[in-house]
Amino acid sequence: MSVEFCGLQLAHPVLNGSGTFDVIAARRAFGDQLLRDFPFSAYVSKTITLEPRQGNPPPRLWEASAGLINSIGLPNKGLEGYLAEDLPQIVEITGAGAAEVPLITNVMGSTAEEISRLLEACDAHEQIAAIELNVSCPNVKTGLDIGSDPRQLEEVVRAVRPRTRKPLIVKLTPNTADVALCALAAQEAGADAVSLINTLRATALAPRDPTLPAGRWLGGGTGGLSGPAIRVVALAQVAAVAARVEVPVVGMGGVQSAADACDLMDVGATLVAVGTESFRDPVAAARIAEGLRAMGAA
Amino acid sequence: MSVEFCGLQLAHPVLNGSGTFDVIAARRAFGDQLLRDFPFSAYVSKTITLEPRQGNPPPRLWEASAGLINSIGLPNKGLEGYLAEDLPQIVEITGAGAAEVPLITNVMGSTAEEISRLLEACDAHEQIAAIELNVSCPNVKTGLDIGSDPRQLEEVVRAVRPRTRKPLIVKLTPNTADVALCALAAQEAGADAVSLINTLRATALAPRDPTLPAGRWLGGGTGGLSGPAIRVVALAQVAAVAARVEVPVVGMGGVQSAADACDLMDVGATLVAVGTESFRDPVAAARIAEGLRAMGAA
Amino acid sequence: MSQAPFARRLLTVTGLDELGAYRVLRVADPDGPEPEPGQFAMLSALEGWGGGEHERPLLARAFSIARRSGGESHFLLEDVGPGTQRLCELRAGDGLWALGPLGRGFAAPEGGRRAILVGGGVGIAPLAILQDQLEGPTSVLLGFRERSRAQGAALLDGARVASDDGSVGHHGLVTDLLVAELQRDPEAVVYACGPAGMLEGVRAICERGGVPAQLALEAGMACGFGACFGCVVPKRGGGYLRVCVDGPVIDAAELERVDAHAAAPIGDPPA
Amino acid sequence: MSQAPFARRLLTVTGLDELGAYRVLRVADPDGPEPEPGQFAMLSALEGWGGGEHERPLLARAFSIARRSGGESHFLLEDVGPGTQRLCELRAGDGLWALGPLGRGFAAPEGGRRAILVGGGVGIAPLAILQDQLEGPTSVLLGFRERSRAQGAALLDGARVASDDGSVGHHGLVTDLLVAELQRDPEAVVYACGPAGMLEGVRAICERGGVPAQLALEAGMACGFGACFGCVVPKRGGGYLRVCVDGPVIDAAELERVDAHAAAPIGDPPA
Ligand SMILES: Cc1cc2nc3c(=O)[nH]c(=O)nc-3n(C[C@H](O)[C@H](O)[C@H](O)COP(=O)(O)OP(=O)(O)OC[C@H]3O[C@@H](n4cnc5c(N)ncnc54)[C@H](O)[C@@H]3O)c2cc1C
Ligand SMILES: Cc1cc2nc3c(=O)[nH]c(=O)nc-3n(C[C@H](O)[C@H](O)[C@H](O)COP(=O)(O)OP(=O)(O)OC[C@H]3O[C@@H](n4cnc5c(N)ncnc54)[C@H](O)[C@@H]3O)c2cc1C
Ligand SMILES: Cc1cc2nc3c(=O)[nH]c(=O)nc-3n(C[C@H](O)[C@H](O)[C@H](O)COP(=O)(O)O)c2cc1C
Ligand SMILES: Cc1cc2nc3c(=O)[nH]c(=O)nc-3n(C[C@H](O)[C@H](O)[C@H](O)COP(=O)(O)O)c2cc1C
Ligand code: FES
Ligand code: FES
């Protein structure tokens, strides 16, 4: 069941999707049982940016047909705040003597320069085992632009790659014409792994209710669709990417069960991440890992 | 309720999505009641290509979470077969003395040359009121390539545009980084309208059942996702396009109810098309048109 | 072929009876068109089905009309997935959407030939209404996986049964019975419905013996009325047939072979 | 704050009682942690809920714990959408997933201040368990849209009621009662829960009078434990609070105003 990924030894193949599990808040809610029963084999932290961000105005959520649209807008304390305030608390939960899983820090920047500074800073912290570069967030213009054009993506990743010796995972955008070309570009530029899919661009209007202002529901205007609705899109994209690249693939999108995870692994994913399903069931990842074990799939 | 679209006067704003209603087969199944209760205000025929196509091997369908994946592969009799065999039968149903709705013929080709021949041939038939150019079918490589790159799309549409005086609707692919750029390109190149969304690329694996061969379920390998699961993605894409183009927009994707149709019109669609929902309820379009009327939305 | 009203109709369930491993769904439909044997309907439950509020089942499911009697339509169900499970939960008084009768049914025997009805598993359903309407003597040969399914044979009169596990009747395949029956009467015509493997056996046997055969096929269907082009099976000589409008009853001569993967699996492969 | 076991727990419904326009859902939970007043749980029905087989509701829904008694947890429900509708269909014996208790509850009054409980509509729920646990005299002021909802007042002891349509009690807003009550006792502390418009009224009144107030907020929630960052409300001085982990009970001083659009609407705005 143990699996090797970019030099990390993981107890099983199921992680969290970035931005879908806040261990600091979860510890407040669940106490130290979180540490003992930690459901993920590695912890991916929420996307951080160079400067602090408040995120989008509410409403930030809309439940769609078999899915969830979020328009969170990447709230975070910025690089400094993350390293000074969040990192120590995260490591207390994920680190030695506690859950003991590797920490993957997810970062996003709108220029190679910004990303370089993020990577360098992460590189200097030994508690960070690997870095995931988010080039795919649909809520922030720059993230989209970098990630959806293979050439630009290759350029940026090549420019930033030397700034860290840690494994670099590039999280691709699904909102692109041919995700396999983007994956190949990331690989060519030196990514150690790719992860996908992020959310599909989507939007919702306010319910036709005279007590509510009409128009866009989400404070951010548009958002990203996750959950079961995107599962078969994720399967196609992960399959297309895994068929083309040599580097390991982290597959995600609508995974709710071990069978869903197994499908992603069958088409070539090395690891599987769980996002929206953790909202329904915070220990979903443990259940899925257990199921994979029972299926003999991992 | 009557609505003007590219010079055509339509009784209401609800059409069918191409490839989701075969009037010839429906007449065999339902008889002449089809003519009397015709649910669409214009009839869009299934995509035709220059040469006949058998379509993909079965299985061609997979029911997904709140959606349907199809991998039909554009079976059709080819241009000649369509004009000689299908067109007269279609017109008997949609034409004067019968349903009396305009016929929109949907065509696809992999080169400007091919498309030109299709447009010229359609132009010569007065029974055809308008032409929809499918640059978005995810099952056929060439359709994807033309439609997902704004520059290539503009080039092709500009090249073929002079071949017909009939209104030309360009059906965009949703599998692209920025669909509004594609819509603008189509408009610049002379499209009279754009329509979207086509299906999202998706796939499925065979159920884990020892009696079935493992691997990809669909004979065509991958397919396209339609139905409720894609509704909020369609809404975002239609909104993005309608905000940028001047030409009318035909919105579709997961429409099941008048409220869904109204959402698309609220973000700027002039017409709305119904696809997968007609499979569940062949007169869904009439129900939706009726509902729009009751909501005062059309 | 009987044509369907152009709209699904909201019918009321009158009962759901156990029949061994199967259920017989009875629905009040006094005004519905008389179906031909072999025709089917696309069914979905009014509540707890599809799209608006539920995820799967989303699309309606195809079911052979198994019998018409006293203004009721009967369907034989086997619970194999979300759609059939939901239908098996229905109770008298519940609402059911039905679109149909759809498709091409069985053609009457030509030239006074005797009919042999060959059914497998839940595929026996259209043979019941066929037997109701055929004149003259018929042979009925049915195959099942095991005893609880074999109770389904009560749907027809005078059936001879084979079972995979030997728990009822002939221990073996229903096609064994067919071979023997054709030896007795090579001038018969065969009407068959069941899983793809069984139909392929029937097809090959009849081809070898030069016996005309009409096969009621199944395939995954999204619409049931020719709209989606999803339900195809390969045609002899190339190309595809749409099972919903070119079938479900197809002359065996039109097929090269019945492909197990192409046809949607049905619940109860007897072999 | 009481912490939740790290996993949703499968509980059994013991009953669903009518209370005017509302329902009281009772659930056996003898081993569950004791919640603090103001804490909530994320609930979803075992059957007919979410994702795997159904479309909406997909995510669990947040509900204040209205009472603990005899090993049971009580929830007050108003049917306003697919989730609450499904919960209102539950019957004794049905399974219910519960994650909780979650969030920060009400803090006990400081310095012997008398508590005034102000509730609106289904938002009266957390005030019931608060009243159960408060020592000393309290005033209970509740606002409802009309008579059938006002029956919900029976959940608390000695409530004074206002109704929008004047059918019960004071004809007007519950905040009218609060203004009068604060004139009598300006040294009180206010605990309030209800729709955003009412909470904003309470907040403004208390700010003007320098009265401390704790407001139990609502917001659309995907997770309930701080994972999604979806449930935010604007904080005084900029930035956002997560209602699920920074609240749902928030000191009025932390808020500039309670924004009606930001907070998820609840069923029964009394104004
Ligand atoms: C003309 C015709 C007549 C029929 N008559 C009868 C009848 O009289 N009685 C009867 O019981 N059945 C009959 N069937 C079969 C019946 O339609 C199917 O069993 C039914 O559609 C299954 O639906 P389900 O939701 O229960 O199962 P599904 O989940 O649809 O599973 C059925 C089969 O489809 C495959 N499958 C699994 N998941 C999916 C998926 N997500 N998308 C697509 N395929 C999937 C699997 O191989 C599975 O075994 C008939 C079919 C046809 C075409
Ligand atoms: C801490 C807390 C405590 C609560 N306590 C209680 C309680 O004790 N009792 C109680 O009855 N309720 C309580 N609520 C409110 C309850 O959680 C909501 O009423 C419930 O989530 C509604 O779910 P629904 O599926 O029934 O309705 P929904 O369909 O979710 O509709 C609820 C509202 O959300 C909006 N909405 C509509 N469609 C959507 C959509 N697709 N996606 C997102 N929003 C949409 C609409 O404005 C609608 O009025 C509480 C909420 C919170 C946060
Ligand atoms: C509420 C929410 C917040 C998210 N935040 C981030 C984020 O900060 N960075 C990121 O790379 N992905 C983010 N994602 C995307 C997820 O990591 C994941 O790629 C996506 O949700 C698909 O998986 P799922 O269907 O299992 O949720 C977020 C998703 C959700 C639902
Ligand atoms: C079975 C099926 C076949 C389709 N065939 C075509 C086609 O031939 N040409 C085309 O342009 N679009 C085709 N489409 C796409 C639809 O026209 C429509 O764009 C899409 O299904 C989204 O709408 P819906 O969610 O309402 O189905 C097809 C869709 C389905 C489901
Ligand atoms: S089921 Fe749609 S064409 Fe046959
Ligand atoms: S509900 Fe998810 S963070 Fe509050």
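Calculation criteria
- Residues numbered from 1 in each chain as written.
- Chains lettered and ligands numbered in written order.
- Predicted model: local features only at pLDDT ≥ 70, side-chain atom pairs only at ≥ 80, totals over all residues.
- Heavy atoms only, no water.
- Pairing = 2+ DSSP bridges.
- Helix = DSSP H or I, 4+ residues; strand = E, 2+ residues; numbered from the N terminus.
- Contact = heavy atoms within 4.5 Å.
- Axes fitted to C-alpha atoms, helices over the stretch in contact; angles between N-to-C directions.
- Parallel < 35°, antiparallel > 145°, perpendicular 65-115°, else oblique.
- Left-handed = near helix turned anticlockwise from the far one by under 90°.
- Nonpolar A, V, L, I, M, F, W, Y, C, P; charged D, E, K, R; others polar.
- Phe/Tyr/Trp six-rings, centres within 6.5 Å; stacked < 30°, edge-to-face > 60°.
- Buried < 20%, exposed > 50% of the residue type's maximum accessible area, 1.4 Å probe, protein only.
- Domains from an automatic or database assignment.
- Buried area = accessible area lost by both parts, 1.4 Å probe.
- Salt bridge = Lys/Arg side-chain N within 4 Å of Asp/Glu carboxyl O.
- Near = heavy atom within 4 Å.
- Polar contact = N/O pair within 3.5 Å; in protein donor to acceptor, adjacent residues only side chain to side chain.
- Areas by Shrake-Rupley, 256 points an atom, 1.4 Å probe, with all protein chains shown as cover.
- pLDDT = per-residue confidence, 0-100.

**Thoughts on the sheet that holds strand β16 (residues 249-251) of chain D**
Residue and element names in this part refer to chain D.
Link 1 in the chain: Across the sheet, 7 strands lie side by side as β11-β10-β9-β8-β12-β13-β16; this open sheet has mixed pairing. For this open sheet the edge positions go to β11 (170-171) and β16, each flanked by a neighbour on one side alone.
Link 2 in the chain: In the sheet, strand β9 (residues 138-144) pairs with strand β10 (residues 159-163) via 5 bridges, with the strands oriented parallel. What sits directly across from leucine 142, in β10, is valine 161.
Link 3 in the chain: Here helix α4 (residues 174-184) sits on the sheet in contact with β8 (115-120), β9, β10, β11 and β12 (189-193), set at roughly 160 degrees to β9.
Link 4 in the chain: Sitting on the sheet, helix α5 (residues 196-209) touches β8, β12 and β13 (213-216), and the angle it makes with β12 is about 165 degrees.

**Considering the packing of helix α4 (residues 112-123) of chain A against helix α6 (residues 150-160) of chain A**
Residues and elements named next belong to chain A.
Link 1 in the chain: At a minimum axis distance of 9 Å, the contact between α4 and α6 shows a crossing angle of 40 degrees. Classified by the angle between their axes, α4 and α6 sit oblique to one another. Here α4 and α6 pass one another in a crossing that is right-handed. For the pair α4 and α6, contact is made by Ala112, Ile115, Ser116 and Leu119 and by Val156, Ala159 and Val160, respectively.
Link 2 in the chain: In terms of residue class, the contact of α4 with α6 is made up of 6 nonpolar, 1 polar and no charged.

**Digging into the packing of aromatic side chains**
Link 1 in the chain: In the structure shown here, the tally under the stated rule is 18 aromatic pairs over all chains.
Link 2 in the chain: Pairing phenylalanine 21 of chain A with phenylalanine 6 of chain D gives two aromatic rings, centres 6.4 Å apart and planes at 75 degrees, and the pair type is edge-to-face. Taken as a pair, phenylalanine 21 of chain A in the loop between β3 (14-16) and α1 (23-30) and phenylalanine 6 of chain D in the segment before β1 (9-19) lie in two separate chains rather than in one.
Link 3 in the chain: The exposure class assigned to phenylalanine 21 of chain A is buried, which follows from its relative accessible area of 1%.
Link 4 in the chain: Using a relative accessible area of 1% as the deciding quantity, one classes phenylalanine 6 of chain D as buried.
Link 5 in the chain: Taken together, Phe21, Phe30, Phe38, Phe40 and Tyr43 of chain A together with Phe6 and Phe225 of chain D form an aromatic cluster joined through their ring pairs.

**Considerations on the domain arrangement of chain C**
Residues and elements named next belong to chain C.
Link 1 in the chain: For chain C, the assigned domains read domain 1 (9-102) and domain 2 (115-262).
Link 2 in the chain: Put simply, the middle of domain 1 and the middle of domain 2, counted by C-alpha atoms, are 21 Å apart.
Link 3 in the chain: The interface of domain 1 with domain 2 comprises 23 residues on the first partner and 25 residues on the second.
Link 4 in the chain: Interface of domain 1 and domain 2: buried area, both sides summed, is about 2,000 Å²; carbon and sulfur atoms make up 66% of it.
Link 5 in the chain: For the pair domain 1 and domain 2, the number of links is 2 salt bridges.
Link 6 in the chain: A salt bridge links arginine 149 to glutamate 78; the shortest N-O distance between them is 3.0 Å.

**Some points on the sheet that holds strand β8 (residues 115-120) of chain C**
Residue and element names in this part refer to chain C.
Link 1 in the chain: The mixed open sheet is built from 7 strands, whose spatial order is β11-β10-β9-β8-β12-β13-β16. In this open sheet, the two edge strands, each paired with only one partner strand, are β11 (170-171) and β16 (249-251).
Link 2 in the chain: Where β8 meets strand β12 (residues 189-193), 5 bridges bridge the pair, whose relative direction is parallel. For leucine 117, the partnering residue across the bridge sits in β12 and is tyrosine 191.
Link 3 in the chain: Running over the sheet, helix α4 (residues 174-184) touches β8, β9 (138-144), β10 (159-163), β11 and β12 and is turned about 160 degrees from β9.

**Looking at the site of ligand 2**
Link 1 in the chain: In the region of ligand 2, 27 residues are neighbours, and Glu63 of chain A together with Ala62, Leu76, Gly83 and Thr84 of chain D sit closest.
Link 2 in the chain: Residues lining ligand 2 come from chains A and D.
Link 3 in the chain: In this structure, an oxygen atom belonging to ligand 2 sits 2.5 Å away from a side-chain N or O atom of threonine 84 of chain D.
Link 4 in the chain: In isolation ligand 2 has 940 Å² of accessible area, and contact with the protein removes 87% of it.
Link 5 in the chain: Listing elements by their share of the shell around ligand 2, those giving two or more residues are β5 (61-64) of chain A together with β4 (61-64), β6 (72-77) and α1 (82-88) of chain D.
Link 6 in the chain: Per-element accounting of the shell around ligand 2 gives the leading share, 4 residues, to β4 of chain D.

**Considerations on the side chain of threonine 105 of chain A**
All names here are of chain A.
Link 1 in the chain: As for its placement among the helices and strands, threonine 105 is situated in strand β7 (residues 103-107).
Link 2 in the chain: In this structure threonine 105 comes out as buried when scored by relative accessible area, which is 0%.
Link 3 in the chain: Beyond its immediate chain neighbours, meaning those up to four positions away, threonine 105 contacts Ser45, Ile48, Tyr82, Cys122, Ile128, Ala130, Ile131 and Glu132.

**Digging into helix α7 (residues 179-188) of chain A**
Residue and element names in this part refer to chain A.
Link 1 in the chain: For α7, the tally of buried residues reaches 8 of 10 residues, placing the bulk of the element in the interior.
Link 2 in the chain: All buried positions along α7 are accounted for by Val179, Ala180, Cys182, Ala183, Leu184, Ala185, Ala186 and Gln187.
Link 3 in the chain: One side-chain oxygen at the N-terminal end of α7 lies 3.1 Å from the backbone nitrogen of alanine 180; it belongs to aspartate 178.
Link 4 in the chain: Just beyond α7, the residue with positive phi is glycine 190, at close to 110 degrees.

**A look at the confidence of the model for chain C**
Residue and element names in this part refer to chain C.
Link 1 in the chain: Per-chain confidence: chain C averages 92 in pLDDT, with 93% of residues scoring 70 or above.
Link 2 in the chain: Across residues 263-271, confidence stays below pLDDT 50; counting only partners more than four residues off in sequence or on other chains, it has 37 contacts.
Link 3 in the chain: The ipTM for the predicted assembly is 0.95, set against a pTM of 0.96.

**Some words on the site of ligand 4**
Link 1 in the chain: In the vicinity of ligand 4 there are 25 residues, among which Ser18, Thr47, Lys171, Gly254 and Thr276 of chain B approach most closely.
Link 2 in the chain: Surrounding ligand 4 is a set of residues that belongs to chains B and C.
Link 3 in the chain: At 2.9 Å from an oxygen atom of ligand 4 is found a main-chain nitrogen or oxygen belonging to glycine 227 of chain B.
Link 4 in the chain: When isolated, ligand 4 has an accessible area of 610 Å², and the protein chains bury 98% of it.
Link 5 in the chain: Here the residues of the shell around ligand 4 sort into 7 nonpolar, 16 polar and 2 charged.

**Considering the pairing of strand β9 (residues 168-171) of chain B**
Residue and element names in this part refer to chain B.
Link 1 in the chain: Burial along β9 is two-sided: the face carrying Leu168 and Val170 and the face carrying Ile169 and Lys171 are both buried.
Link 2 in the chain: The pairing of strand β8 (residues 128-134) with β9 spans 4 bridges and is parallel. Counterpart to isoleucine 131 in the pairing with β9 is leucine 168.
Link 3 in the chain: In the sheet, β9 pairs with strand β10 (residues 193-196) via 3 bridges, with the strands oriented parallel. Across the sheet, the residue bridging to lysine 171 is serine 195, located in β10.

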